[in-house]
Amino acid sequence: MMLGPVRHLLRPATQPAFKPGAQHGVPSARAAAPELAGIPRGWLPPGKKAAVVFTIDDVHPGTSRDSYEAGGDLGHGQLRFLLRLLATHSRLRATLFVTADWRAKLPSVSRPRIMNVPGLRRLWCEWNTLPAGTMRIDRFPRFVEFLKGLSGVEIGLHGLTDNRRRHPTHLEYLDASEADCRRSLAQIFEIFHGAGLPFVPGMSPPGWHVGPELATAMREAGLTFVGSSRDLVSPVHRGAISNMSGLTGTSLIEPQWVYGGLLNFTTNYQATSTIDRAKAIVDNGGLLAIKAHVIKKAGSHVALDGLDEEYCDHLHVLFDYLETVGADLWWTSMGEIAARCVAAQEAEVPAREANDP
Ligand SMILES: [Zn+2]
């Protein structure tokens, strides 16, 4: 079992502002822990009334000389937008979800109609798959050093390849068995370890998909959180439920335990959202979870929430507003919230056992 060798890898990727001691979040005997469900009481620290996190998916070393840039051009590429935002908004934190060995020429099929033809579908999926190792992060030390040098930024996981090699390709774990998921996680850990890139113990699963197989493998491996829900349309109120991408039926505006012990986050804001939605989430004491994808355009595919000048300007306006909210808004990260909830839950277990004759 890989628990032993893996545990030391799950170090905080966060920089000093994140209080690294609070970031480890790797529970002992995770698999034997009691089943957790619902919204963790006290996920907000005392004195905070709402929270904000910002996450970016699909980060990998692709450069402008490849099919598309996804971080490989460092401060001159797509991540320049993140640098701008961090430089202007000092309380902002970000989680970059990085793919260990990105293997998709295109992250999504541009002409879905050709997928109706089985022969073409197979050929496209083959054509779209990069050879293993092409974008493996341990082969890009400058990229890794750049990520490690980003202040206020933590690194999370975004699959092994982001490519299932069958349509729809981006749902990497769609029909993976528990053994497949274990193997995939072991490879991810090995690659991150080889790259020397620390990460927080959570994943934004490619295509938002986490099934019981991946969830079990994640828990066994000591991972504690997942960002598997997205809902940009449901009206915001306390008790609102997510009903769009990935896991549905989870809280729209608060973190929630799923699969017995992974803390799930719902993305509830992106480039197409309005500031009013952010305001409603904050006013309802929720977690404003903002998503961007590092790739704006690949082939004829254009991501609505891809980083570009326009989205960056939108985010400046949003963060300007959030800065007016006051000190009771918690600018945090998914890794930090998960670490807080895991620590609180672990503190509760001995207390409960002590009270139990
Ligand atoms: Zn992805």
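Described in the following lines is the structure provided in the data block. Treat the numbers as computed from the prediction; the structure is a model and nothing was measured.

1. Some details on the overall build of the chain
Moving on, step 1. Scanning the chain for helices and strands turns up 9 helices and 14 strands.
Moving on, step 2. Residue burial in the chain is summarised as follows: out of 357 residues, 48% are buried.

2. Some words on the environment of Trp124
Moving on, step 1. Examined against the element boundaries, Trp124 turns out to sit in helix α3 (residues 118-127).
Moving on, step 2. Given 20 C-beta atoms within a 10 Å radius, Trp124 is considered buried.
Moving on, step 3. Leaving out residues up to four positions away in the same chain, Trp124 has contacts with Val109 and Ile114.

3. Focus on the pairing of strand β7 (residues 225-230)
Moving on, step 1. Counted residue by residue, β7 has 6 buried out of 6 residues, so it is predominantly covered.
Moving on, step 2. Bridging between strand β6 (residues 202-203) and β7 involves 2 bridges; their strand directions are parallel. Along β7, the bridge assignment pairs Met203 with Val226.
Moving on, step 3. For the handedness criterion, the β-α-β arrangement of β6, helix α6 (residues 212-220) and β7 is classed as right-handed.
Moving on, step 4. By the bridge criterion, 4 bridges tie β7 to strand β10 (residues 262-267) in an arrangement that is parallel. Each bridged residue has a counterpart across the sheet, and for Ser229 the counterpart in β10 is Thr266.
Moving on, step 5. In terms of strand pairing, β7 meets strand β8 (residues 245-246) through 2 bridges, oriented antiparallel. Its bridge partner lying in β8, Arg230 is registered against Ser245.

4. Some details on the environment of Trp208
Moving on, step 1. Along the chain, the position of Trp208 falls in the loop between β6 and α6.
Moving on, step 2. Classification of Trp208 as partly exposed rests on a count of 19 C-beta atoms within 10 Å.
Moving on, step 3. Separated by 19 residues in the primary sequence, Trp208 and Gly227 have C-alpha atoms spaced 7.3 Å apart.

5. Some details on the nonpolar core
Moving on, step 1. Ranked by internal contacts, the top residues of the largest apolar core, which has 88 residues, are Leu96, Ile137, Met218 and Leu288.
Moving on, step 2. Setting aside anything within four residues of it in sequence, one finds Leu96 in contact with Ile56, Val59, Leu147, Val153 and Ile155.

6. What about the pairing of strand β2 (residues 94-98)?
Moving on, step 1. In terms of residue burial, β2 counts as a mostly covered element, since 5 of its 5 residues are buried.
Moving on, step 2. A two-sided burial pattern is seen for β2, the buried positions comprising Ala94, Leu96 and Val98 on one face and Thr95 and Phe97 on the other.
Moving on, step 3. Two strands pair when backbone bridges link them, and strand β1 (residues 50-59) and β2 are joined in this way by 3 bridges, in the parallel orientation. Bridging across to β2, Ile56 finds its partner in Leu96.
Moving on, step 4. This β-α-β element, β1 to helix α2 (residues 80-88) to β2, shows right-handed connectivity.

Rules used in this analysis
Residues numbered from 1 in each chain as written. Predicted model: local features only at pLDDT ≥ 70, side-chain atom pairs only at ≥ 80, totals over all residues. Helix = DSSP H or I, 4+ residues; strand = E, 2+ residues; numbered from the N terminus. Buried ≥ 20, exposed ≤ 12 C-beta atoms within 10 Å, placed from the backbone. Contact = placed C-beta atoms within 7 Å. Pairing = 2+ DSSP bridges. Right-handed = clockwise from strand over helix to strand, strands pointing away. Core = buried A, V, L, I, M, F, W, Y, C linked by C-beta atoms within 7 Å.

Functional significance is not addressed by these values, which are geometric in nature.
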